[in-house]
Amino acid sequence: MASQQEKKQLDERAKKGETVVQGGTGGKSFEAQQHLAEGRSRGGNTRKEQLGTEGYQQMGRKGGTRTGKAGGEDDEDEGEEMDEPTSRTRT
């Protein structure tokens, strides 16, 4: 555990925009960064429990596949055109 003086120094660095807690990116204070890191870790563990270890690892390997598609659905839709509405201006 960090001493009071160390916490104060870390808080000052965090207020300047520096990440002082791993996983706490975006927190505006030392305490906020601690809470963010804890929540992100807990969220990842929950997802791992839902998918199982193997599913969680597979999700990591897939990376940035198209959103809104379940695994394997991408291949079926390749080459299909989307019916997109056209924008019209009134005169």
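Preceding this section is the structure that the text describes.
Residues numbered from 1 in each chain as written. Predicted model: local features only at pLDDT ≥ 70, side-chain atom pairs only at ≥ 80, totals over all residues. Heavy atoms only, no water.

**Here's the deal with the overall build of the protein**
As a reminder, the rule being used: Helix and strand assignments follow DSSP, with helices taken as H or I runs no shorter than four residues and strands as E runs no shorter than two, numbered in order from the N terminus. Under the scheme applied here, a residue whose accessible area is under 20% of the maximum for its type counts as buried, over 50% as exposed, and between as partly exposed, the area being computed with a 1.4 Å probe on protein chains only. In this description, contact between two residues means that some pair of their heavy atoms is separated by no more than 4.5 Å.
Scanning the protein for helices and strands turns up three helices and zero strands. In the protein, the succession of helices and strands from N to C terminus is α-α-α. Put simply, the protein has 91 residues, and 13% of those count as buried. Taking as baseline every contact in the protein between residues at least 6 positions apart, the subset at least 24 positions apart corresponds to 0%.

**Focus on the pattern of salt bridges**
One side chain can pair with another of opposite charge once the charged atoms of both are near each other. Put simply, the rule is: A carboxyl oxygen of Asp or Glu within 4 Å of a side-chain nitrogen of Lys or Arg is what we treat as a salt bridge.
All told, the structure shown has three salt bridges when counted by the stated rule. Put simply, K15 and D11 hold a salt bridge, and the shortest N to O gap is 3.4 Å. Here K15 and its partner D11 are both found in helix α1 (residues 4-15), four residues apart, which amounts to about one turn of the helix. Among the ionic pairs, R42 bridges to E38, the shortest N-O distance being 2.5 Å. You can see R42 and its partner E38 sitting in helix α2 (residues 30-62), four residues apart, about one turn around the helix. According to the relative accessible area criterion, E38 is partly exposed, its value standing at 43%.

**Let's talk about α1**
The following threshold applies: Multiply 1.5 Å by the residue count of a helix minus one, and that product is the helix's expected span.
With twelve residues, α1 ought to run about 16 Å at 1.5 Å a step, and its terminal C-alpha atoms sit 16 Å apart, in line with that. Of the residues trailing α1, G17 is marked for its positive phi of about 105 degrees.

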